[in-house]
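# Examination of the molecular architecture
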Amino acid sequence: MSTSCHKVPPVKSNYVPLGTIEKFNDLDVYVSKPTNGSKPFKKAVVVGYDIFGFHPNVKQFCDLLTKAGYLVVLPDYFRGKTAPIVSQGVQALIDFVLKTFTPEVIIKDTLSVTNHLKSEFGSKDFGYTGFCWGGIMGSKLCAIKEFNACVLVHYGPLQVDDFKKSQCPIAFLPSSEDQDSQPFVDAMKDKPFANKNFQKRFVDMVHGFSASRGDWSDPLISQRVNEVIEITGKFFRDNVGCN
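All values derive from a computational prediction rather than experimental measurement. (Residues numbered from 1 in each chain as written. Predicted model: local features only at pLDDT ≥ 70, side-chain atom pairs only at ≥ 80, totals over all residues. Heavy atoms only, no water.)

### Some thoughts on the overall build of the protein
- Within the protein one finds nine helices and eight strands.
- Along the three orthogonal principal directions, the C-alpha set of the protein runs to about 40 × 40 × 35 Å.
- Looking at the protein as a whole, 53% of its 243 residues qualify as buried.
- For the protein, the share of sequence-separated contacts (at least 6 apart) that also reach a separation of at least 24 residues comes to 69%.
- Here the protein displays about 10500 Å² of accessible surface, and carbon together with sulfur accounts for 51% of that area.
- Averaging the locations of the 28 positively and 25 negatively charged side chains of the protein gives two centres separated by 4 Å. (Helix = DSSP H or I, 4+ residues; strand = E, 2+ residues; numbered from the N terminus. Buried < 20%, exposed > 50% of the residue type's maximum accessible area, 1.4 Å probe, protein only. Contact = heavy atoms within 4.5 Å. Areas by Shrake-Rupley, 256 points an atom, 1.4 Å probe, with all protein chains shown as cover. Lys, Arg positive; Asp, Glu negative; His and termini not counted. Charge placed at Lys NZ, Arg CZ, Asp CG, Glu CD.)

Take a look at the structure:
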């Protein structure tokens, strides 16, 4: 993980989310729906949060992405269990997350979410966006053929071999602190979608700026977050389509 995961706490936010919490089987899911549309929502985006879970910034990101016309859902993969662990220190939280919520567990939960979206909302095509820990999960989810595109924003530690298995194009949006994405792009150079992959480093931002560690009241950070949302929306329009 970036040093920010160990040292920088989540910011406080007064944002009031526009979406609602719904039950997808046993999982709480934040659901943000386009205001100018109704079922079926054929194009949907699943968002994977960072290690601090259901933070207002991530819900706000979902609400902003919804304006691009997507049904956006944010599963509470940790099932509300991160808050008590935070009091023990960030390293305890990281250990808890990595040992308890393995890729196998998250893939199962994510497929449950997309199946619910298919049956209840009429969704057919999916994008995935992940921050930090959620970015790591995105490197696993891209291999299961459920997603048409993935966007990994200031991701945690990634492994080249995971991208050799990718079934969809990926946009890499690292901060100044995160791994170089070129080796991951190179790992997909022989894929039929190789020319659709995208990468942009936010050299003046630190890890976490688009999620729980970003002070969005800062004009520069706000500008960069809007750039991330614009890139994400365009990448999904090009590879997932529009509702």
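Picking up after the structure, the text goes on.
### Some details on the sheet that holds strand S1 (residues 20-24)
- Spatially, the eight strands line up as an open sheet ordered S1-S2-S4-S3-S5-S6-S7-S8, and their pairing is mixed. Each having just a single partner strand, S1 and strand S8 (198-199) make up the two edges of the open sheet.
- Pairing between strand S7 (residues 170-173) and S8: two bridges, direction parallel. Within S8, the position partnered with alanine 171 by the bridge is phenylalanine 198.
- Seen against the sheet, helix H5 (residues 103-121) touches S1, strand S2 (27-32), strand S3 (43-48), strand S4 (71-75) and strand S5 (125-132) and runs at an angle of roughly 100° to S1. (Pairing = 2+ DSSP bridges. Axes fitted to C-alpha atoms, helices over the stretch in contact; angles between N-to-C directions.)

### Overview of helix H4 (residues 90-100)
- Every buried residue belonging to H4 is among Val90, Leu93, Ile94, Phe96 and Val97, and all of these are buried. The buried residues of H4 occupy one face: seen down the axis, they fall within an arc of 165°. (Arc of directions from axis to C-beta.)

### Here's the deal with H5
- Between its first and last C-alpha, H5 extends 26 Å over 19 residues, near the 27 Å set by a 1.5 Å rise per residue.
- Buried residues along H5 sit in contact with S1, S2, S3, S4, S5 and helix H6 (133-141).
- Residue glycine 122 follows H5 closely and has a positive phi angle near 75°. (Expected span 1.5 Å × (residues − 1).)

### Examining unusual backbone geometry
- Even without glycine at this site, arginine 79 takes up a positive phi of about 55°.
- Checked against the element boundaries, arginine 79 lands in the loop between S4 and helix H3 (82-86).
- Under the relative-accessibility criterion, arginine 79 is labelled partly exposed at 30%.
- For cysteine 132, which is not glycine, the phi torsion reads 50° and is therefore positive.

### Digging into the pairing of S7
- Alternating positions in S7 separate into two faces, Ile170 and Phe172 on one and Ala171 and Leu173 on the other, with burial throughout.
- Bridge count for strand S6 (residues 149-155) against S7 is four bridges, and the pairing is parallel. Bridged to valine 151 within S7 is alanine 171.
- The handedness of the S7 to S8 crossover, carried by helix H8 (residues 182-187), is right-handed. (Right-handed = clockwise from strand over helix to strand, strands pointing away.)

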